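Residue-level listing of the chains:
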Amino acid sequence: MADSSFPSPPESFCPLCMDALRDPVTIPCGDIYCLECIKIYWDQFDHMGVYSCPQCRATFTPRPVLRRNLPDVQHQPRQLPELTPFPYMHRDSYCDFCVGRRNKAVKSCLMCLAYYCETHVKPHYESSTFKRHKLVDETGHLDRKICPQHEKGLELFCRSDQMCICVLCTVREHRSHNITSAEEERIEKQKVLVVTQSEVQHIISERMKELQELKHNVDVLKNAAHRAQTESDKTFHEMLQAVERWKAEISQMIMANMQAAMSQAEGYVERLEQEIMELQRRDAELRQILETEDNIHFLQNFPTLCVPPEAMVPKVLINPQFSFGEISKTATDMKENLDDICKKELSKISKTVSETPVYILLPRNGDKRLKVPSRKDFQEPRTRADFLRYSSKMSFDPNTAYKELVLSDGNQRVTRKKTIQFYPDHPERFDGFSQVLCKEPLSGFRFYWEAEWSGEFSVGVAYKSISRKGKNSRSLLGYNDKSWSVLCSESGYSAWHNTVDVDLPEAPRTTRIGVYLDFAGNTISFYSASEAMQLIHRFKAQFTEPLYAGFGVGSSVSLCQLRQNTMPYS
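Criteria and cut-off values
- Residues numbered from 1 in each chain as written.
- Predicted model: local features only at pLDDT ≥ 70, side-chain atom pairs only at ≥ 80, totals over all residues.
- Heavy atoms only, no water.
- Buried < 20%, exposed > 50% of the residue type's maximum accessible area, 1.4 Å probe, protein only.
- Helix = DSSP H or I, 4+ residues; strand = E, 2+ residues; numbered from the N terminus.
- Pairing = 2+ DSSP bridges.
- Phe/Tyr/Trp six-rings, centres within 6.5 Å; stacked < 30°, edge-to-face > 60°.
- Lys NZ or Arg CZ within 6 Å of the ring centre and 35° of its normal.
- Core = buried A, V, L, I, M, F, W, Y, C linked by side-chain atoms within 4.5 Å.
- Contact = heavy atoms within 4.5 Å.

Peer 1: Hey, could you go over the pairing of strand S17 (residues 492–497) for me, with residue numbers and the actual values?
Peer 2: Among the six residues that make up S17, five are buried, leaving the element largely enclosed by the rest of the structure. Bridge count for strand S16 (residues 483–489) against S17 is six bridges, and the pairing is antiparallel. When the sheet's bridge partners are listed, Leu487 is paired in S17 with Ser494. Count of turn residues in the S16/S17 antiparallel hairpin: two residues. Alignment of S17 against strand S18 (residues 500–503), held across four bridges, turns out to be antiparallel. In the strand pairing of S18, Ser494 is matched with Asp503. Between S17 and S18, which pair antiparallel and follow one another directly, the connecting turn spans two residues, one of which, Asn498, has a positive phi of 55°.

Peer 1: I'd like to hear about the packing of aromatic side chains, residue by residue, with values.
Peer 2: Under the criterion given, the structure shown has 16 aromatic pairs. Ring pairing ties together the aromatic residues Phe387, Tyr390, Tyr448, Tyr516 and Tyr527, which thus form one cluster. Above the face of the Phe430 ring, Arg468 is positioned so that its terminal group lies 5.3 Å from the ring centre.

Peer 1: How would you explain the nonpolar core if you had to name every residue and give the values?
Peer 2: If you look at the biggest cluster of nonpolar residues, it comprises 41 residues, and the most contacted ones within it are Trp449 and Phe551. Those residues within four positions of Trp449 in sequence are excluded, and the remaining contacts are Ser392, Met394, Leu442, Gly460, Val461, Ile513, Gly514, Val515, Leu517, Ala549, Phe551 and Leu562. With 17 residues, the next largest nonpolar core counts Leu21, Cys34, Cys37 and Ala58 among its residues.

Here it is, written out as structure tokens:
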């Protein structure tokens, strides 16, 4: 039954990813989610065929068709969505005794094996006939309270097998086991849950403190950025003013030199003009004496006129070594020197900024030896020691293993046998291909692991939502949009994603492959695991959910035990 104590969050944010809506869709009950978020959420229930709203718990069959809508999500304040119960905790059920429109059930009876609404449950309270019946709050999972073998109510608990059983189970399947009542076991386990709840509440308190501190630090960063912007604007404004002063000084120098040159030139021009006038006067006298017919007059003036005139002004030339181009060249040199200084300093600070992480991510594993990561932790690994800094302990997940695979060495080795293994049915088990996933979800940072193999072998990563059933591309590692893989065999290597394959003829042959996942950087790389660390192939992707290491097993695969910076090779 829907709980009104869990109101819907503001429509501007998705309740699943707690972020602004991306490609928002409205499902039949009226709640709004990101298209990709609700798609991934419902993918988990494909095996059940019943889909529910993560908020109001309304159920839908068949799976609703999702269509984008465009709500006005701009300019709305960000806030955390309201809490919603876990999907497996509750689902809507309806009264088995209503005629016509059925009301939602509020109780279920473990003796009647039926659901009751508020009206039809009253006889259980009022009539002595139902005195011995066991009423429980309706959680929508009555089928899980019935023994699947004997169809009796689960009233006991087998401590030997850690499971709920009925009375008939004690006769055969759980004979001679340590049996107690469900109520007594609940009391014991409730003590554990109380401790767990206390721990959760403590963690919540710690996380709230971290949240407030992070918000405060983000504000500090924002203010620091504003201050840096203001100071840099002021500095560049002062630089522009200095450039304007230098420009004025250069212009003044050019004008001063030009005026001095013009002043000197005017003096020379004046003197040359006077000399030319004097020479023109002499020329007139000479012309007159040469034309006279008076011989005595000619001879008397000859001594004075025959003397050559003396130069009054030296010859004036422009010095070729003097040029205003030198001033222009100086201005150009100043500009280039300024560019060089700015480029050098900007490159230096850019390198410092890019190599200095803003946020430091520390695993919450309680390891007291953890230190604050250095810049090297955020650089792309190159040497084997660099890769081993991100070594991650992996283990095969038995619930995903194909029916012919045998796990051993503490789930560190998997071998394919010709005989079928008796594994219990599980929705996460691959039933069409010889494949297995690891247990550990990988997201947020960087991870590295290695595997040794024999026979044909594929290695890669996959989303948890990858199909597990049938022999089709949707469940084969690398043959769909939910997985990436490299296929290795004696004949050659190839890389696969979303049914697109790339032959790798130059890939180095190896029986030990290293896988490096940079989740934040959206890359997954495969290496020949040795001191040389030769790259086999690298995928660029946009990871949208946690990944799991996956393997296709031809003969056997072993997960290698790695130690940071100390892993030897035989």
